[in-house]
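Each chain, written out:
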Amino acid sequence: MPVILAIESSCDETACAICRDGQILSNIIAGQAIHEQYGGVVPELASRAHLQNIVPVVDAALKKAAVGLPEVDAIAFTESPGLIGSLLVGSQFAKSLALSLNIPLLAVHHMQAHVLANLIPRPADPGKGGSQGVATAPMPSFPFLCLTVSGGHTQIVLCEAPLVMRVIGETLDDAAGEAFDKSAKLLGLPYPGGPLIDRHAQGGSPDRFPFPEPQIPGLNFSFSGLKTSILYFLQSHLAADPEFIRKNLPDICASIQHRIISILLNKLHRATRETGVRDLCLAGGVSANSGLRKAFYEAGRRHGWNTFIPPFEYCTDNAAMIAIAGHYKYLAREFSPMTVSASARAQW
Ligand code: KG4
Ligand code: ZN
């Protein structure tokens, strides 16, 4: 029945979660609005905000979970990848806490944790939790494939056991979230533009502007060509009509979103054919996209896949996923030495 206190600080969210025996008791996140005015995350400002946030966030997570520090069995933290200054705040805090409590340390890979968010137990029907014997939602069976789509990564991961997974496809340039955010920027929308493209796409026609689908061999992705074609597309239309974006925003957003989704799901389909795996998961912030969720479930029905998407709060950066990864590492006794250090890029 290990109690794990987990810290996530890889980018611009300071987060802490507590889990007992793999059940999430609390999941607290402090965002950082300061970056909005700069159109992207400013690393130095993120580190400073983490320093301010980390103690209150850990305190709130313990209180919400009704757990005292002496009950904690191990400290999990995001070791990599991420912004080095941000990671260092979380890792130094985690190491200090583990040292002072004389308990083990669990270094977690952020991208593996995104995948493991799919293994967080949750009620089958949120909002209808009965007073006793709450049924849990079905979970993917091993092996499963996970399409992890975030602001920094786009990967297809083959997961054979909680701690046995490998990347079988990834982006060669921009991540899917970047494709959304950079497209949004070209349209004059504020950062992060992904959710805004999602919103404006509602009611737009996804076939109105057929952006090209890159022909990348194997299971890898590329999004930089799409960004360039959107740039040229907008430049030529704006030259003819300066009001082009304003007049056509829903159709442009729906068409961009449609192309990003088709690039993602075509590769995922190929991965199922190559591996024979039928259990498929989504992870990462972009899995909040309503078009992607719908298309993923539809593709599942069409191709006979078992499809899983974690609840929104476990898709975007959070510490619950670090806690569940820490839980499995604890069970496997995969403890980290105190000499462990954060790393911006790390082997998986
Ligand atoms: O996983 P995440 O929270 O942070 C990273 O580790 O990057 O993902 C953030 C990314 C951003 O690019 C954001 O624009 C995108 O997820 N995103 C969305 C939506 N919600 C978040 N993209 C498209 N549609 C959404 N609804
Ligand atoms: Zn992430």
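Scroll up a little and you will see the structure.
Novice: Please set out the site of ligand 1 residue by residue, giving values where relevant.
Specialist: Near ligand 1 lie 19 residues; those nearest to it are G151, D181, D198, G285 and N289. D198 places a polar side-chain atom, nitrogen or oxygen, 2.9 Å from a nitrogen atom of ligand 1. Between ligand 1 and N289, the relevant distance is 2.9 Å, taken from a nitrogen atom to a side-chain nitrogen or oxygen of the residue. With the chains in place, 85% of the 560 Å² that ligand 1 exposes on its own is no longer accessible. Only α3 (110-116), α4 (176-186) and α5 (194-201) provide two or more residues apiece to the shell around ligand 1. Looking at the shell around ligand 1 residue by residue, the classes come out as five nonpolar, 11 polar and three charged. Residue contributions to the shell around ligand 1 reach at least three from each of two domains, namely domain 1 (3-120 + 314-331) and domain 2 (144-309).

Novice: Report on the pattern of salt bridges, specifying residues and quantitative values.
Specialist: Side-chain pairs of opposite charge can arise whenever the charged atoms involved come near each other. Going through the model one piece at a time under the given rule, you end up with 13 salt bridges. Between K294 and E298 there is a salt bridge, and its shortest N-O distance comes to 3.9 Å. One end of the pair, K294, and the other, E298, are both in helix α8 (residues 290-303), four residues apart, so they sit about a helical turn from each other. Judged by its relative accessible area of 35%, E298 falls in the partly exposed class.

Novice: How would you sum up the side chain of S287? Please name residues and give values.
Specialist: Checked against the element boundaries, S287 lands in the loop between β9 (279-283) and α8. Overall, the relative accessible area of 0% leaves S287 in the buried class. At 2.4 Å, the side chain of S287 forms a polar contact with the backbone oxygen of G284. When neighbours within four sequence positions are excluded, S287 is seen to be in contact with V149, L282, L292, R293, I309 and C315.

Novice: Describe α8, naming the residues involved and giving the relevant values.
Specialist: For α8, which comprises 14 residues, the first-to-last C-alpha distance of 20 Å matches the rise-based estimate of 20 Å (1.5 Å per residue) to within 8%. All of the buried residues along α8 are G291, L292, A295, F296, A299 and G300. Within α8, the buried residues cover an arc of 165° as seen down the axis, which keeps them to one side. Projecting away from the buried face of α8 at angles above 90 degrees are the exposed residues K294 and R301.

Novice: Residues and numbers for the coordination of the zinc ion (ligand 2), please.
Specialist: Donor atoms from the polypeptide that bind the zinc ion (ligand 2) are H110 (NE2), H114 (NE2) and D317 (OD), placed at 2.1 to 2.2 Å. Around the zinc ion (ligand 2), the four donor atoms sit at angles spanning 92 to 142°, and that spread fits a shape best called irregular. The sequence motif formed by the donor residues of the zinc ion (ligand 2) is H-x3-H-x202-D. With a gap of four residues between them, H110 and H114 both fall in helix α3, about one helical turn apart.

Novice: Lay out the nonpolar core with the relevant residues and their values.
Specialist: By size, the foremost hydrophobic cluster in this structure holds 48 residues, and its most contacted members are L187, F223, I260 and L264. Secondary structure elements with two or more residues in this core: β6 (144-149), β7 (154-161), α4, α5, α6 (224-240), α7 (244-275), β9 and α8. Looking at which element gives the most residues to this core, the answer is α7, with 14 residues. When near neighbours in sequence (up to four residues on either side) are disregarded, L187 contacts I197, L234, I245, L249, I252, C253 and I256. Counting residues in each nonpolar core, the second largest holds 33 residues, with V115, V157, M321 and I324 among its members.

Novice: Before we move on, can you summarise unusual backbone geometry with the specific residues and values?
Specialist: Going from S80 to P81, the amide bond is cis rather than trans, its omega being -15°. For P81, the position within the fold is in the loop between β4 (74-80) and α2 (84-101). Residue P192 is reached from Y191 by a cis peptide bond, and omega for that bond is -10°. Considering the arrangement of structural elements, one finds P192 in the loop between α4 and α5. In this structure, D21 is a non-glycine residue whose phi angle is positive, near 50°. Take D21: its relative accessible area is 36%, and that puts it in the partly exposed class.

Novice: Quick one: what's the story with the sheet that holds β6, residue by residue and with numbers?
Specialist: If you trace the five strands from one edge of the open sheet to the other, you get β8-β7-β6-β9-β10, paired in mixed fashion. Sheet topology places β8 (164-170) and β10 (306-308) at the edges, where each strand pairs with a single neighbour. Adjacent strand axes in the sheet meet at a mean angle of 25° when their direction is disregarded. Here α7 sits on the sheet and contacts β6, β7, β8 and β9; the angle it forms with β6, its principal contact strand, is near 160°.

Novice: Hey, could you go over the packing of aromatic side chains for me, with residue numbers and the actual values?
Specialist: Centre distance and the angle of the planes are the two values used to describe a pair of aromatic rings. All told, the structure shown has eight aromatic pairs when counted by the stated rule. Ring centres of F296 and Y297 lie 6.1 Å apart, and the angle between their planes is 45°; on these two criteria the pair is classed as tilted. For F296, a relative accessible area of 0% gives the class buried. By way of ring pairs, the aromatic residues F209, F211, F233 and F244 are connected into one cluster.

Rules behind the numbers
- Residues numbered from 1 in each chain as written.
- Chains lettered and ligands numbered in written order.
- Predicted model: local features only at pLDDT ≥ 70, side-chain atom pairs only at ≥ 80, totals over all residues.
- Heavy atoms only, no water.
- Near = heavy atom within 4 Å.
- Polar contact = N/O pair within 3.5 Å; in protein donor to acceptor, adjacent residues only side chain to side chain.
- Areas by Shrake-Rupley, 256 points an atom, 1.4 Å probe, with all protein chains shown as cover.
- Helix = DSSP H or I, 4+ residues; strand = E, 2+ residues; numbered from the N terminus.
- Nonpolar A, V, L, I, M, F, W, Y, C, P; charged D, E, K, R; others polar.
- Domains from an automatic or database assignment.
- Salt bridge = Lys/Arg side-chain N within 4 Å of Asp/Glu carboxyl O.
- Buried < 20%, exposed > 50% of the residue type's maximum accessible area, 1.4 Å probe, protein only.
- Contact = heavy atoms within 4.5 Å.
- Expected span 1.5 Å × (residues − 1).
- Arc of directions from axis to C-beta.
- Donors = N, O, S within 2.8 Å, 3.2 Å for Na, K, Ca; no water.
- Tetrahedral: all angles 85-135°; square planar, octahedral: opposite > 155°, others 65-115°.
- Core = buried A, V, L, I, M, F, W, Y, C linked by side-chain atoms within 4.5 Å.
- Pairing = 2+ DSSP bridges.
- Axes fitted to C-alpha atoms, helices over the stretch in contact; angles between N-to-C directions.
- Phe/Tyr/Trp six-rings, centres within 6.5 Å; stacked < 30°, edge-to-face > 60°.

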